[in-house]
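Spelled out from the first residue to the last, the chains are:
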Amino acid sequence: LACDTAFVSLKEIDTGRRAALYRELAEKDLLTGCYNRNAYHEDTSRCKKLTNLLLFVFDLNNLKYYNDKFGHDCGDQYITDAAHILRKIFSRHGKLYRIGGDEFAVLVYDPEVPDEFWPERLKEELRNIGRGCRHRFSLSLGCSHLRNKDGSLKSMGEWKYEADRKLYENKKKGDLKNGVY
């Protein structure tokens, strides 16, 4: 009886571990450890409950160059290094997602920090990390508030579209080595 009970208990523990692993795989990006697109969609669908929120979207510039010139392992390292930088900057303020191959998003829950702070902080981190690194980091970014200036809520589509539109406007300005647009 004790052996049967132990066997059933171990089987239930193993099932619980597998369920936790599957749950993590459903929410996390394997390469970077960031939350993935599934988690991003799930979290943004619940954002209407919050009073103020910033959405940042990022696009890594030059990933194709690194993949083509140095191979996909180098491109993967470029992505993971960028995730590390973004995590270092935003982890205290929000949640980081990898939503595409070279695309990241951050939901920032700290409306007290002014928008102007983030690009300057990114530029500073990229300059610091750029020294002695084989990658020349370059990011484009866009930002959008969940609420309009009059306090009304934007639709989810409008909110995400505005951040993407600003990202691509900034990307068109050009590419800074070790810079942020």
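Report on the accompanying structure.

Quick notes on the rules
- Residues numbered from 1 in each chain as written.
- Predicted model: local features only at pLDDT ≥ 70, side-chain atom pairs only at ≥ 80, totals over all residues.
- Heavy atoms only, no water.
- Helix = DSSP H or I, 4+ residues; strand = E, 2+ residues; numbered from the N terminus.
- Expected span 1.5 Å × (residues − 1).
- Buried < 20%, exposed > 50% of the residue type's maximum accessible area, 1.4 Å probe, protein only.
- Arc of directions from axis to C-beta.
- Contact = heavy atoms within 4.5 Å.
- Salt bridge = Lys/Arg side-chain N within 4 Å of Asp/Glu carboxyl O.
- Core = buried A, V, L, I, M, F, W, Y, C linked by side-chain atoms within 4.5 Å.
- 1 Å grid on protein atoms, 1.4 Å probe; cavity = no way out; pocket = protein on both sides within 12 Å on 5 of 7 lines; lining within 4 Å.
- Points joined across faces, edges and corners; volume = space filled by probe spheres on them.
- Nonpolar A, V, L, I, M, F, W, Y, C, P; charged D, E, K, R; others polar.

1. Let's talk about helix H6 (residues 156-172)
Thought 1: For H6, spanning 17 residues, the distance from its first C-alpha to its last is 25 Å, which sits close to the expected 24 Å at 1.5 Å a residue.
Thought 2: For H6, the set of buried residues is Met156, Trp159, Glu162, Ala163, Leu167 and Asn170. Summarising the axial view, the buried residues of H6 lie within an arc of 145°, below the 170-degree limit, and thus occupy one face. Away from its buried face, by an angle of more than 90 degrees, H6 presents the exposed residues Tyr161 and Lys172.
Thought 3: On its buried side, H6 packs onto helix H2 (37-45), strand S1 (54-60), strand S3 (103-108) and strand S4 (138-145).

2. Here's the deal with the pattern of salt bridges
Thought 1: If you walk through the whole model with that rule in mind, you get seven salt bridges.
Thought 2: With its nearest N and O atoms 4.0 Å apart, the salt bridge here joins Arg165 to Glu162. A residue pair is termed a helical-turn pair when its members lie 3 or 4 positions apart in one helix, as Arg165 and Glu162 do in helix H6 at three residues.
Thought 3: For Glu162, a relative accessible area of 17% translates into the label buried.
Thought 4: Here Arg165 ties to Glu169 by a salt bridge, and the two come within 2.9 Å at their closest N and O atoms. With Arg165 and Glu169 both in helix H6, this residue pair falls four residues apart, about one helical turn.

3. Digging into the nonpolar core
Thought 1: If you look at the biggest cluster of nonpolar residues, it comprises 26 residues, and the most contacted ones within it are Phe56, Phe58, Leu86, Phe90, Phe104 and Leu122.
Thought 2: Put simply, the parts of the chain that give this core at least two residues each are S1, helix H3 (63-70), helix H4 (72-90), S3, helix H5 (117-130) and S4.
Thought 3: In terms of residue count, the dominant contributor to this core is H4 (nine residues).
Thought 4: Tyr97, Leu146, Met156 and Trp159 belong to the second largest nonpolar core, which has 15 residues in total.

4. Observations regarding the layout of surface pockets
Thought 1: Roughly 150 Å³ of volume is contained in the second largest pocket.
Thought 2: Every residue along the wall of the second largest pocket is listed here: Tyr40, His41, Val57, Phe58, Asp59, Ile99, Glu103, Phe104, Lys160, Asp164, Leu167 and Tyr168.
Thought 3: If you list the elements that add at least two residues to the lining of the second largest pocket, you get H2, S1, S3 and H6.
Thought 4: The element best represented in the lining of the second largest pocket is H6, accounting for four residues.
Thought 5: For the lining of the second largest pocket, a count of residues per class yields seven nonpolar, one polar and four charged.

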